[in-house]
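# Chain and residue survey
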Amino acid sequence: MEILVVEDEPAIADFVRRGLMAEGFEVRTAADGIEGERLALGAAVDLVVLDWMLPGRNGMDVLAAIRRERPALPVIVLTARGELEDRIEGLDAGATDYIAKPFAFEELAARVRAHLRQAGAETGTALEVAGIRLDPIARRAEREGHRVALSGREADLLAYLMRHPGAVCSQRELLAAVWETDHDPGTNLVSVYIGYLRRKLGLPGSPAPIETVRSAGYRLRERE
Ligand code: CA
């Protein structure tokens, strides 16, 4: 996942860049609106963190250009605290979200993750594989008529497996796709969540069709 940070204050740009990199994202930075707009319109960028007051071209103009070319790209606007008009303008202009400066990095990271998840979910409609039906946006699954409510991570994990039916998905791949990190925090995160899914999707005499492939990963059986 690649994030573009458009910010002219070097200290803030650096703080955001380092933090997002530590979270496992690829990060590009632009120090003015012209460069920011050029990079934002490149296909590789998955989300933009956009300062509102920029040299060259202001945040509002950059946002307008992004909305014309890439209407679904999540854009989080950074604005100085108390600039309520900026906030309203920004949301009217199509910002996905906004954060007032100064902000805690954790807050930005949480919003980045949430908007990336949402953007990913919205590109797909309901999935149907192996007797399971999943609505990734509503986070509802159904198996043999039994309805199951899922958490965000559970829904993301199941959606990923369902988009790769029959394939062995490694722990590393699942961590990257669902938790957006490339290192295992050492908590068996993936196997814990696979366990949640099995419990929720399993039926008496009919365990969930999620297999463990020894030292390789997990696989959703295509047919029951
Ligand atoms: Ca600025």
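Calculation notes
- Residues numbered from 1 in each chain as written.
- Predicted model: local features only at pLDDT ≥ 70, side-chain atom pairs only at ≥ 80, totals over all residues.
- Heavy atoms only, no water.
- Helix = DSSP H or I, 4+ residues; strand = E, 2+ residues; numbered from the N terminus.
- Buried < 20%, exposed > 50% of the residue type's maximum accessible area, 1.4 Å probe, protein only.
- Contact = heavy atoms within 4.5 Å.
- Pairing = 2+ DSSP bridges.
- Axes fitted to C-alpha atoms, helices over the stretch in contact; angles between N-to-C directions.

### Re the environment of phenylalanine 103
Position of phenylalanine 103 relative to the elements: it lies in the loop between strand 5 (97-101) and helix 5 (105-122). Its relative accessible area of 12% is what places phenylalanine 103 among the buried residues. Through-space distance from the C-alpha of phenylalanine 103 to that of threonine 79 is 9.9 Å; in sequence the pair is 24 residues apart.

### Examining the environment of valine 148
Mapped onto the secondary structure, valine 148 falls in strand 9 (residues 146-149). Spatially, the C-alpha atoms of valine 148 and glycine 202 are 10 Å apart, while their sequence positions differ by 54 residues. Apart from the residues within four sequence positions on either side, valine 148 is in contact with Arg139, Arg140, Ala141, Lys200 and Leu201.

### Regarding the sheet that holds strand 12 (residues 217-220)
The sheet built from three strands is open, its strands ordered 10-12-11 with antiparallel pairing. Since the sheet does not close on itself, it has two edges, and those belong to strand 10 (168-169) and strand 11 (210-213), each with one partner. By the bridge criterion, four bridges tie strand 11 to strand 12 in an arrangement that is antiparallel. Across the sheet, the residue bridging to glutamate 211 is arginine 219, located in strand 12. Contacts from helix 8 (residues 189-201) reach strand 11 and strand 12, with the element oriented near 150 degrees to strand 11.

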